[in-house]
Amino acid sequence: MFPIPAPLFRWTFFWLLIFYSIMFDYYQHGTIGKHIMKIKIISIYKQRPFFLSCFYRNLLKAIFTIILFDAILILLLPPRQGFHNILAKTEIVDIED
C-alpha cells in the first residue's frame with residue numbers, strides 16, 4: 001500500500017467534515033455538539049433551514065474560522081450568532097424542553 005498525499009488527505013477531510021455538518025444541520029437541526037448543548041439551528045423564517053442555507057452556513061463557517069474573522073465576531077454579536085449565520089439567514093436557538 002502507498003500513503004495518501006497530505007494535500008489530498010486534507011481536502012478529503014475538509015469536504016467530509018462539510019458534508020457531515022450540512023447533513024446534520026439539515027436533518028437534525030444541528031450536529032451532535034449542538035444537541036448536547038441543547039441548542040438547534042433554524043431559519044430566520046422559524047422553520048427548518050433550507051439545504052442550500054446549510055451549505056452556505058457550513059462553508060462560510062469553515063472559511064471564516066480559517067481567517068479567525070468569525071471567532072472574533074461571535075464574541076461581539078448576540079449570543080452564538082456568528083457572521084456565517086447572518087449570511088445564511090439562520091440562527092441558533094435554545095431547545096424548548
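Heads up: the structure comes first, above all this text.
As a starting point, this report considers the structure included with it. In this text, all values refer to a predicted model and were calculated from it rather than measured experimentally.

## Some words on a nonpolar patch on the surface
Part 1 of the argument: Judged by side-chain polarity, I4, L8, F9, F13, L17, Y20, I32 and I36 come together as a nonpolar surface patch covering roughly 840 Å² of accessible area.
Part 2 of the argument: When residues of the nonpolar patch are traced back to their parent elements, those giving at least two are α1 (6-28) and α2 (32-36).
Part 3 of the argument: For the nonpolar patch, the element with the most residues is α1, which contributes 5 residues.
Part 4 of the argument: Tracing the chain through its elements places F9 in helix α1.

## Describing the packing of aromatic side chains
Part 1 of the argument: Under the criterion given, the structure shown has 7 aromatic pairs.
Part 2 of the argument: A ring pair is formed by F55 and Y56, whose centres lie 6.2 Å apart and whose planes are at 55°; its orientation type is tilted.
Part 3 of the argument: F55 gets classed as partly exposed once you look at its relative accessible area, which sits at 28%.
Part 4 of the argument: Ring-pair connections join several aromatic residues into one group, and the members of that group are W11, F14 and W15.
Part 5 of the argument: Over the face of the ring belonging to Y26 we find R48, whose NZ or CZ atom lies 4.1 Å from the ring centre.

## Considering the side chain of R57
Part 1 of the argument: Take R57: it is sitting in helix α3 (residues 51-66).
Part 2 of the argument: For R57, a relative accessible area of 2% puts it in the buried group.
Part 3 of the argument: Here the side chain of R57 touches N85 through a polar contact of 2.6 Å, side chain to side chain.
Part 4 of the argument: In contact with R57, not counting residues within four places along its chain, are D25, K34, I41, H84, N85, A88, T90 and I92.

Calculation criteria
The numbers attached to residues start from 1 for each chain and follow its sequence in the written order. Only residues with pLDDT of at least 70 get local features here, since the model is predicted, and only at 80 or more are side-chain atom pairs given and counted; chain-wide, interface and lining totals rely on the full set of residues. Side-chain measures here rest on the full set of heavy atoms in the structure, leaving out hydrogens and waters. Excluding any residue in a salt bridge, patches collect residues exceeding 30% relative accessible area, merging like charges within 9 Å and nonpolar Val, Leu, Ile, Met, Phe, Trp and Tyr side chains within 5 Å. To be clear on the numbers: accessible area is Shrake-Rupley with a 1.4 Å probe, and residue cover counts the displayed protein chains and nothing else. The rule for a salt bridge is simple: a side-chain nitrogen of Lys or Arg has to be within 4 Å of a carboxyl oxygen of Asp or Glu. Every helix listed is a DSSP run of H or I at least four residues long, and every strand listed is a run of E at least two residues long, numbered separately from the N terminus. Pairing of aromatic side chains here covers Phe, Tyr and the six-membered ring of Trp, requires ring centres within 6.5 Å, and sorts the geometry by plane angle: under 30 degrees stacked, over 60 edge-to-face, intermediate tilted. Burial status follows relative accessibility: with a 1.4 Å probe on protein chains alone, a residue under 20% of its type maximum counts as buried, one over 50% as exposed, and anything between as partly exposed. Both a distance and an angle decide whether a charge sits over a ring: NZ of Lys or CZ of Arg must be within 6 Å of the ring centre and within 35 degrees of the ring normal. Side-chain atoms alone can form a polar contact between residues adjacent in sequence; in general such a contact is a pair of N or O atoms within 3.5 Å, and within protein one must be able to donate a hydrogen while the other accepts it. By the convention used here, residues are in contact when the closest approach between their heavy atoms is within 4.5 Å.

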